[in-house]
Amino acid sequence: MPSEPTIADEVKNAECDPNALLAMVDRMLAQLQDNATDVSTELSVGQTVDAEGDILASLSGMRRLLAEREAELQQMKLHSESMAAAQAEAIVHSAEIIDELEQTKLDLSEARSAAEQAAYDTRRLAETIFERTSDAVLVLENKKCLACNDNAVDLLKVSRHDLLQSRKPWLTRARFEDGSNAMPMIDVCVEDISRSGCQQLECQVTRHDESTFWAELAFSSFESSVGNQVIVMVRDVSARKRFEAELRRHRDFLNNIVGAVPDQLSVRASDQRIVVANEAFLNAHGVTEEQVVGKLPQQINVPSLRDFDPQIDACFQGEVPKSTFVDSWTDEKGQKRFSANRYSAFTEQFSEDRFVIATSRDITEDRDRERRLQLLASVFEEATEGVAILDCRGKVLEANPAFAAMTSIDANSKIAGERFLDLIRSETDDIGVYLAGASKGKSWAGKISLANESTFSPNKRRSFWISLSPGEDASERRIIALITDITELENSQEQLRHRAMHDTLTGCPNRAFFREKISSLVHQDQFSQSSCVAFSVCFLDLDDFKFVNDSVGHAGGDELLKSVAMRIAEVVGPDAFVGRFGGDEFAILMSDEHTDLETQQRLLDELLKEFRRPFELSDFEAHVGLSIGVTRYPQDATQTDTLMGFADIAMYAAKQAGKNAVAYFDPSMQEEVVMRNQVQTQLRTAIDVGDVELHYQPKVNATSRQLVSCEALVRWRDSDGKFVSPQTFIPIAENSGLICALGEHVFEVAVKQALRWNAEGCLVPIAVNVSPIQLRSIDFVETLKRQLDKHNAKPEWFELEITENAIMSNVDHSSAVIDELARMGFRIAIDDFGTGHSSLGYLKSFQVHTLKIDLSFVRDVMVDRFSRSIVRSITSLGHGLGLTVVAEGVETEEQANHLQNLHCDELQGYFFGRPMPETEFNQWRKQSLAQPVTQHINAVRCFEW
């Protein structure tokens, strides 16, 4: 029989059921309690207690274990129940999904059928669009055409086979509107269409048959099963282009019309915004089109355009002004201007927007013209010249009072309707021809001489200047006749011309007339085809004339010059042209036409012989020689100035040869000219580098013989250290224009010298010579001021010596310059007094301080009574005017004493001291100061500085 199960077996069997385990534990506890008594009897007390404790501990641990196990089982039960519920729910949801999948499968099947139908419809639609669209459509891949519609074949005028099969380029040439090649841009559009999206451009396409059309090309890309492809739509826009060109032509035509309108024109919208402005409007307001068109008034930086215009506002209100408004404004130059403004309005048909057109015409010139017309009318009435308005038949329509006075008719009404030719009876019939020409539009002006029976000159012959000019009015051509009585003017002009072209002393032609005569002969030869002109130009210079002039005075010199002119004319005869250039220079022009060359040479030799005879004048007998220089045309030269220059060179050669001779020009004589040019060049350099220096000649008091002042005399030392004579370089400086620079340099050196003397405490006033050319220079005074200011010098330290002839060459200018210099503080001296032609009246008006007697009178004061008389007169005149009188050229003590007795104030000359450099002059000055003052008799007052 089976054995009784143990507790372990029961636990093991009940392990899977917690409830069973708990029940087993409860049974075991009860059994233990029931058997406790039996056990206790058999065991000792100590053993009982230990065994019970062990059992109870085992059972308690087992109970805890069972409790924990029960809790775990409970959790597992709950999880199992949750899992079971989830599985049930999943099974239900799976069933629903299966139902939905079945429905979706059904829907997809239906959608696929619909999509296949739609794709079919789309393909049919694409094929229909592809073929039936009005544009040419091409499908490109790698720039090759894969497909095209019929329009592409028709438009490009190439077969489909050529496009698709031959692999030819679908497009060969295309150009933009500006003529540039469009193919590179087309290639870019085809290649980059996948990145850049749709592209569109317009160009002129050249077909394969060389015909052209304007195309609008649109490029787009799409993905196909074979890759990226490009669709090109080509639309023929030639008609649109022609239409656009026509629109542009019309637009440009209208713009040109608006721009060509000379009046200002602008159009404003209802918000006062300027929408149109022509060029005249822009120019009048000084703005550009970008600055005003499309802008509101407050956006325009022009006050006249920002201001509110009530007339424009009235036009927008429907009240369009019917009259012209005159407005005035001041332009940017400050000048007042006038404008006539008109306004009109219209409503645009489609937008119903209202616009106002404003036109403005600048009538400033019209108003000025009206004023001028009024002025001309006044001039017409008040003019001293005769003015007549004639019709084309020569009848007088209108005439001014002066014309009526010329015709001796009192009222204009009697002149109207008269024939102009009846009022004017010219000595010739040319006036009628000119009048007929004026009626045909040809102007004429000229001088006429009137017949004695003319109403203009009933008693005497007169000359008139008549101008006939065609004119137009609204109906027919008119003739304006201006008549000026030039009788007196012609007489005066003839006299003036004669004076201008002749020497006033001898009556001979002067240099200008002589040159004009040579020029006319040269011109005649150069333009004459018949014969060759040949002539001789002779320059004559009197030898020793200055000596005679100094001896007998200017009156005697003038008488001698008249006699010389007469003798020359008597010898050479009436066929020769005799002139006087001034001073003692004469000239003869002898033509081979009247006098052959041999006779000319004989006449010149005879002329030399005649000049060996003395000239019997009123109170004396004069002897002068003659030096003659001759040049020939055309052998020597063919230009007027060259001929005169060669004759002058030959004349100087005759003088250098010993005077009283005839010298014929030779090219070797030009060496003298070369020398002058060299001197001029070297002098220019010397002025620039400061090689020109000053020497100082003392001027002493005539009574005490003490130093009063000095005269600065220019000296030039050349590169070899030798002094060049002032008589050589001063004329060259004057002729070459260097004299002003030389004069400024001299004055600056003198200023520096005066400053040094002033610093030493012994200032010596310095006299500086002024060239006639300097005196005529417009900046002469400013030059002196500049040097004074530059060195901080005073004008009172200087005296300016101006020759008498230089002053008298232009009295008004000289007087003005001298007055200004005197006001500045300069002392003014008239140099070489007595040799010129000054008037005592002029002398009184000049602000001068000193008269310097020319050395020619001083030199002969001891031996010539005329010179003594002249010196005495000059001294008396100078003292009478309160001037200081200086005698220059004193070389002996006898001259000095005699000039003192003649009451000269100051003396200057080699007797007292030669011109000396600064160092020598300073030594001379110190020595003169160390000498005792000598009082001479007949002392007179002097005007010391």
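Check the entry above for the structure.
Residues numbered from 1 in each chain as written. Predicted model: local features only at pLDDT ≥ 70, side-chain atom pairs only at ≥ 80, totals over all residues. Heavy atoms only, no water.

Moving on: the packing of helix 25 (residues 739-760) against helix 27 (residues 780-791). Following both chains from N to C, one finds helix 25 and helix 27 inclined at 30 degrees, their axes separated by 10 Å at the closest point. By the angle between their axes, helix 25 is roughly parallel relative to helix 27. The handedness of the crossing between helix 25 and helix 27 is right-handed. Of the residues in helix 27, those in contact with Glu744, Phe747, Glu748, Val751, Lys752 and Leu755 of helix 25 are Thr783, Leu784, Arg786, Gln787, Leu788, Lys790 and His791. Of the residues in the contact of helix 25 with helix 27, the class split is five nonpolar, three polar and five charged. (Axes fitted to C-alpha atoms, helices over the stretch in contact; angles between N-to-C directions. Helix = DSSP H or I, 4+ residues; strand = E, 2+ residues; numbered from the N terminus. Parallel < 35°, antiparallel > 145°, perpendicular 65-115°, else oblique. Left-handed = near helix turned anticlockwise from the far one by under 90°. Contact = heavy atoms within 4.5 Å. Nonpolar A, V, L, I, M, F, W, Y, C, P; charged D, E, K, R; others polar.)

What follows covers the pattern of salt bridges. Following the criterion strictly, the structure yields 42 salt bridges and no others. Between glutamate 216 and arginine 240 there is a salt bridge, with its nearest N and O atoms 3.7 Å apart. On the criterion of sequence distance, the pair formed by glutamate 216 in strand 5 (residues 212-224) and arginine 240 in helix 9 (residues 238-260) is long-range, its members being 24 residues apart. Residues joined by salt bridges that share partners form a network here, namely Asp135, Glu177, Glu202, Glu216, Arg235, Arg240, Lys241, Glu244 and Arg248. (Salt bridge = Lys/Arg side-chain N within 4 Å of Asp/Glu carboxyl O.)

Here we come to a negative patch on the surface. Where like charges cluster on the molecular surface, the negative patch consists of Glu96, Asp99, Glu100 and Glu102. Positionally, glutamate 100 belongs in helix 4 (residues 45-132). For glutamate 100, a relative accessible area of 51% puts it in the exposed group. (Patch = residues over 30% accessible without salt bridge, like charges linked within 9 Å, V, L, I, M, F, W, Y side chains within 5 Å. Areas by Shrake-Rupley, 256 points an atom, 1.4 Å probe, with all protein chains shown as cover. Lys, Arg positive; Asp, Glu negative; His and termini not counted. Charge placed at Lys NZ, Arg CZ, Asp CG, Glu CD. Buried < 20%, exposed > 50% of the residue type's maximum accessible area, 1.4 Å probe, protein only.)

Turning next to a nonpolar patch on the surface. On the surface, Phe253, Leu254 and Ile257 cluster together to form a nonpolar patch covering roughly 300 Å² of accessible area. The topology assignment puts isoleucine 257 in helix 9. According to the relative accessible area criterion, isoleucine 257 is partly exposed, its value standing at 41%.

What follows deals with the nonpolar core. Of all hydrophobic cores here, the largest spans 74 residues; its most connected members are Leu742, Ile766, Phe798, Leu821, Phe826, Leu899 and Leu907. With eight residues, helix 25 is the single largest residue contributor to this core. If near-sequence neighbours (up to four positions away) are discounted, leucine 742 is found in contact with Ile687, Val692, Val714, Phe729, Ile730 and Ala733. (Core = buried A, V, L, I, M, F, W, Y, C linked by side-chain atoms within 4.5 Å.)

The next point concerns the side chain of aspartate 503. Looking at the secondary structure, you find aspartate 503 in the loop between helix 18 (487-501) and helix 19 (511-527). Under the relative-accessibility criterion, aspartate 503 is labelled buried at 13%. When near neighbours in sequence (up to four residues on either side) are disregarded, aspartate 503 contacts Cys508, Pro509, Asn510 and Arg580.

To continue, consider the state of the cysteines. Here the structure, examined in full by the defined rule, presents zero disulfides. Cysteine 203 supplies the cysteine sulfur nearest to cysteine 189, a cysteine that is in no disulfide, at a spacing of 9.6 Å. Of the residues examined, cysteine 189 reaches a relative accessible area of 4% and is grouped as buried. (Disulfide = S-S within 2.5 Å.)

Bringing the pairing of strand 8 (residues 274-277) into the picture now. Judged from the three bridges that link them, strand 7 (residues 264-268) and strand 8 form a sheet pairing that is antiparallel. The residue of strand 8 that forms the bridge with arginine 268 is isoleucine 274. Hairpin connection between strand 7 and strand 8: a loop of five residues separates the two successive antiparallel strands, and glutamine 272 in this loop has a positive phi of roughly 70 degrees. (Pairing = 2+ DSSP bridges.)

Moving on, we come to helix 27. Compared with the 16 Å implied by 1.5 Å per residue over twelve residues, the 17 Å span of helix 27 between its first and last C-alpha is a close match. Of the residues making up helix 27, those classed as buried are Phe780, Val781, Thr783, Leu784, Gln787, Leu788 and His791. In a view along the axis of helix 27, the buried residues occupy a sector of 165 degrees, so they form one face of it. Facing away from the buried surface of helix 27 by more than 90 degrees, the exposed residues are Asp789 and Lys790. Among the structural elements, helix 25, strand 27 (766-770), helix 26 (772-776), strand 28 (798-803) and helix 29 (811-824) are those in contact with the buried residues of helix 27. Just downstream of helix 27 lies asparagine 792, where phi reads positive at about 60 degrees. (Expected span 1.5 Å × (residues − 1). Arc of directions from axis to C-beta.)

Quick look at the packing of helix 19 against helix 22 (residues 640-656) now. Where helix 19 meets helix 22, the axes come as close as 9 Å, and the angle between the chain directions of the two elements is 120 degrees. Between helix 19 and helix 22, the interaxial angle falls into the category oblique. Along this stretch, helix 19 crosses helix 22, giving a crossing that reads as right-handed. In contact with Arg511, Arg515, Ile518, Ser519 and Val522 of helix 19, helix 22 contributes Thr640, Asp641, Leu643 and Met644. Here the residues of the contact of helix 19 with helix 22 sort into four nonpolar, two polar and three charged.

Turning our attention to the environment of threonine 133. For threonine 133, the position within the fold is in the loop between helix 4 and strand 1 (136-141). For threonine 133, a relative accessible area of 18% translates into the label buried. Distance in space between the C-alpha atoms of threonine 133 and asparagine 149 is 8.7 Å, their sequence separation being 16 residues.

This is a description of form; function is not addressed.
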